[in-house]
Amino acid sequence: MDGRSAWSPHKRPCFSTFPCFLSAGVVYLLAKAYLVWKDEKYLQACLKCGELTWEKGLLKKGPGICHGVAGSGYVFLLLYRLTSDDKHLHRALKFAEFMFTEEFKLRARRPDTPYSLYEGTAGTVCFLADLLRPQKAEFPFFDVF
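Just so it is clear, the model here is predicted, and its values are computed rather than measured.

(A) Region of interest: the packing of aromatic side chains. Counted according to the given criterion, the structure contains 10 aromatic pairs. For the pair Phe-76 and Phe-95, a centre-to-centre distance of 5.1 Å together with 65 degrees between the ring planes defines the contact as edge-to-face. Taken together, the positions of Phe-76 in helix H3 (residues 69–83) and Phe-95 in helix H4 (residues 86–98) put the pair 19 residues apart, joining distant regions of the chain. With a relative accessible area of 0%, Phe-76 lands in the buried category. Chaining the aromatic ring pairs together yields one cluster made of Tyr-28, Tyr-74, Tyr-118, Phe-127, Phe-139 and Phe-142. Positioned over the ring face of Phe-145 is Arg-81, at 3.8 Å from the centre of the ring.

(B) Spatial organisation of the state of the cysteines. Overall, the coordinates contain zero disulfides when judged by the stated rule. Counting only cysteine sulfurs, Cys-49 is the nearest neighbor of Cys-46, a cysteine outside any disulfide, at a range of 6.4 Å. With a relative accessible area of 0%, Cys-46 lands in the buried category.

(C) Looking closely at the nonpolar core. Counting 34 residues, the largest nonpolar core has Val-27, Leu-77, Leu-82 and Phe-127 as its most contacted members. Broken down by secondary-structure element, the contributors of at least two residues to this core are helix H1 (23–37), helix H2 (40–56), H3, H4 and helix H6 (121–131). Per-element accounting of this core gives the leading share, 10 residues, to H3.

(D) Spotlight on unusual backbone geometry. Despite not being glycine, Lys-38 has its phi angle at roughly 55 degrees, a positive value. The phi torsion at Ser-84 lies on the positive side, around 60 degrees, for a residue other than glycine. By the element assignment, Ser-84 lies in the loop between H3 and H4. Classification of Ser-84 by relative accessible area gives exposed; the value is 56%.

(E) Highlighting the pattern of salt bridges. According to the stated counting rule, one finds eight salt bridges in the structure shown. For the salt bridge of Glu-51 with Arg-91, the shortest nitrogen-to-oxygen distance reads 2.8 Å. Here Glu-51 is found in helix H2, whereas its partner Arg-91 is found in helix H4, with 40 residues between them in sequence. Residue Arg-91 is classed as buried on the basis of its relative accessible area of 9%. Here Lys-94 and Glu-97 are joined by a salt bridge, their closest N and O atoms 3.1 Å apart. Residue Lys-94 and its partner Glu-97 are both found in helix H4; the two are separated by three residues, about one turn of the helix.

Scoring rules and cut-offs
Residues numbered from 1 in each chain as written. Predicted model: local features only at pLDDT ≥ 70, side-chain atom pairs only at ≥ 80, totals over all residues. Heavy atoms only, no water. Phe/Tyr/Trp six-rings, centres within 6.5 Å; stacked < 30°, edge-to-face > 60°. Helix = DSSP H or I, 4+ residues; strand = E, 2+ residues; numbered from the N terminus. Buried < 20%, exposed > 50% of the residue type's maximum accessible area, 1.4 Å probe, protein only. Lys NZ or Arg CZ within 6 Å of the ring centre and 35° of its normal. Disulfide = S-S within 2.5 Å. Core = buried A, V, L, I, M, F, W, Y, C linked by side-chain atoms within 4.5 Å. Salt bridge = Lys/Arg side-chain N within 4 Å of Asp/Glu carboxyl O.

Take a look at the structure:
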């Protein structure tokens, strides 16, 4: 995270990185295409989505899995399962760590439904639990494997 993050106070969030939008959402479709057709172009597209999420994925919306930090973190767990590259697991852990920083606690927006699966802490707990078993991690109710 190099200063180009959506968390930057001088930049507006990049809407294309919300999990329910483009980069962090389409990565699941691309991953499934890669697993079905074994075409390397789909894996490369997944990796590009991961890079964009790494650069822009610290979102102010909150901790949730729908346009929140945990949702962006799930991208890296998916990439870890696809590639077994520890870089992606490291990135998922960094997103999890960020949710426990004072900066996040003070500046993150409180979700409309703070205990829900997608916006609230329930999805965040799923993400944190999946970090304990990353080789079996899956976005809730949406396993591509």
